[in-house]
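An overview of the molecular structure
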Amino acid sequence: MKTYPNGVRALKGVSFDVKRGEFLVIIGLSGSGKSTLLRCLNRLHEPTSGEIIFRSESDGMRKEFDIAKAEGKQIYEVRRKIGMIFQHFNIIERHSVINNVLYGSLGRTSAWRSILGLYSQEDRRKAKDYLDLVGIGDKAHYRASQLSGGQQQRVAIARALMQSPEILLADEPVASLDPATCHTVMDYLRKVNTELGLTVICNLHFLSLVRQYGTRVIALKAGELVYEGHPNDIDEAWFARIYGEGAREVHVN
Amino acid sequence: MSETGGKIRRTIFDAIVFAYLVIFVLVAIMRPDSDELIEQMGFNVALFFGLAFIGGVISLAVSAKGIKTLGEVIYAPAHRRTVSDPDTPLWQTFWGVQLILALIATFVLGWVLTEVNPLLLIEAEPISQAMRLFAEVADPDWSILPKAIMKIIESIFIAFMATAFAVPIAFVLSFISARNIMGKSPIGMVIYTLLRVSFNLSRSIEPILWAIIFTIWVSFGPFAGMLALMVHSIASLAKQYSEIVEGVSDGPIEGIEATGAGRLQTVWFAIVPQIVLPYISYTIYRWDTNLRMATILGFVGGGGIGTMLMEYQGQSRWPQVGTIIVVMAFVVWVMDAFSSHVRAAIK
């Protein structure tokens, strides 16, 4: 449950499970609460009430805790385990690509070391590897603003991977990209999902992308969960219920 | 603005305009001199409030009939603002007449109070005196040029040091006086408000007044001038800097926060890159303005070339004054050109 200070109830009684290794897609109209939902998961926004149970399996330890109850430093810890990419990339455009990737390690680097640029050799090597993984290893020393939109989003993915997260949140990751680039970025998301085994939770606009990439889908309407199932099971009737009568599907190829 | 708040403001405004106009007419008819006005201050104030009361009643009565008053035009809440009827000329509307009368009264009053007298400009004797002074200033005494250069260098460094000391202090203050950083907690809002108010207060005191204070504190000389400019610069820069911080986009902040970065890291990696260039731009502009002010701080004992200008001007040595004006104008012009060039280059 999430209620904003102005009284707008962005999310009401939304409850769902995400299994390890899933590619869960969240759909719904603009303003249906998709972004708010993602931001509650890593506490960029404060949920008003409710539980977010996170079963962590790092370092061979099974831990289970409620993200909604995290306080102070625990919140940073939660965010560190959950990578996130955004519609507008949200990388630091004036800084170099490699530095942007290194910022993924800020959560485990002390403030003064990071400000002086003293990242460990291990982290520097990792940053380089992740840039290679998303196919822009040759752009490491470019200024981030010199890259195209699709490349900037791949920098953002590399930064998120740098956190060694267990979950990757993606808020409309391709909404500001052209249709061709859009598939490149989605393919990299699938790659980290299948090859690195990362659980991905992704907001998407286009149903064609949902069917192509999602392993499961949930739909929000006015802050409430209205559908949960397999992407291919969304027929025209469901489409009309989620997006409203008169809505027409747009295809991206 | 609340509905009643708007109504109160509107009525007070109309009341003051009414009292102002009536008193203007009374003064025009009775022509009291200022001693008489001061002697009967108590009565005059009472008269003003009496008239204002009548004005307020009139305003309410007129508004009740649905006629728009000037107060209504100025203080109407945004959602009730309507476009005035284009077919009715300004002088046929109630508020238009109010506005025109108030402007005419103010202009006439201003003419009288500033003792405007165009005839003085064309009297023969003073004109020839002024021309002689111009001629002397226009023929500078270049023998004092080296001394003037030494003094303008002092002014440049007064301005530089004031800026240099102000920048780090203003840098730190700018974050704790930015609403988007401090607005999240009640304590933050208190600090934000206190800082903003104190910036505005110290900015409303001109550097020349600060210089007078500091000449008493640290005695005459460039140090006093530097301190005066520094205080003014801290307040100005902190305000401008914090407005830049308030204008940064949230995207990169979310991006860095999502990595689990701490507060200081978020400021350093998400906010600082966005503000560096505008900060530099404002800083250079501040140095430029400080230099201009530093040239006249000497008049109150704040050091620099102003000291020299004051001495020669006091002795009516116009050719020397001419030299100093040339040096000042040249340096200020160069600094101005340099500053606008740098600011254009880093845009």
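That block above? That's the structure.
To start, this report covers the structure provided alongside it.

1. What to know about the environment of V200 of chain A
Structurally, V200 of chain A can be placed in strand β8 (residues 199–203). Separated by 14 residues in sequence, V200 of chain A and G214 of chain A place their C-alpha atoms 9.2 Å apart.

2. Thoughts on the interface of chain A and chain B
Taken together, the contacts link 27 residues of chain A with 19 residues of chain B. With both sides pooled, the region where chain A packs onto chain B buries about 1900 Å², and carbon together with sulfur makes up 62% of that total. At the junction of chain A with chain B, the criterion picks out 1 salt bridge. In this structure, E254 of chain B engages R39 of chain A in a salt bridge whose closest nitrogen and oxygen atoms are separated by 2.5 Å. Of all the secondary structure elements, the ones that give two or more residues to the side of chain A that touches chain B are α2 (73–81), β6 (82–85) and α4 (111–115) of chain A. Classifying every residue of the side of chain A that touches chain B by side-chain character gives 12 nonpolar, 10 polar and 5 charged.

3. Concerning empty space enclosed by the protein
Residue and element names in this part refer to chain A. Taken as a whole and judged by the stated rule, the model has 1 cavity of 30 Å³ or more. A volume near 40 Å³ is recorded for the largest cavity. Around the largest cavity, the lining residues are E172, V174, A175, N203, L204, H205, F206 and L209.

4. A few points about helix α13 (residues 263–294) of chain B
With 32 residues, α13 of chain B extends only 39 Å from end C-alpha to end C-alpha; this falls clearly short of the ideal 46 Å at 1.5 Å per step. Of all bends in α13 of chain B, the biggest is about 55°, found at V272 of chain B, and the proline P273 of chain B comes one to four residues later.

5. Thoughts on the layout of surface pockets
Looking at the largest pocket, its volume works out to about 890 Å³. Residue lining of the largest pocket: 32 residues in total, with F16, D17, V18, I52 and I53 of chain A positioned closest to the centre. Breaking the lining of the largest pocket down by element, the ones donating at least two residues are α1 (34–41), β4 (53–56), β7 (167–171) and β8 of chain A. Sort the elements by how many residues they give to the lining of the largest pocket and β4 of chain A lands first, with 4 residues. When the residues that make up the lining of the largest pocket are grouped by side-chain class, the tally is 17 nonpolar, 6 polar and 9 charged. Within this model, the second largest pocket holds a volume of roughly 670 Å³. When contributions to the lining of the second largest pocket are tallied by element, the ones reaching two or more residues are α2 of chain A together with α8 (179–182), α12 (250–257) and α13 of chain B.

Basis of the calculations
Residues numbered from 1 in each chain as written. Chains lettered and ligands numbered in written order. Predicted model: local features only at pLDDT ≥ 70, side-chain atom pairs only at ≥ 80, totals over all residues. Heavy atoms only, no water. Helix = DSSP H or I, 4+ residues; strand = E, 2+ residues; numbered from the N terminus. Contact = heavy atoms within 4.5 Å. Buried area = accessible area lost by both parts, 1.4 Å probe. Salt bridge = Lys/Arg side-chain N within 4 Å of Asp/Glu carboxyl O. Nonpolar A, V, L, I, M, F, W, Y, C, P; charged D, E, K, R; others polar. 1 Å grid on protein atoms, 1.4 Å probe; cavity = no way out; pocket = protein on both sides within 12 Å on 5 of 7 lines; lining within 4 Å. Points joined across faces, edges and corners; volume = space filled by probe spheres on them. Expected span 1.5 Å × (residues − 1). Bend = angle between axes of the 7 residues up to and from the residue.

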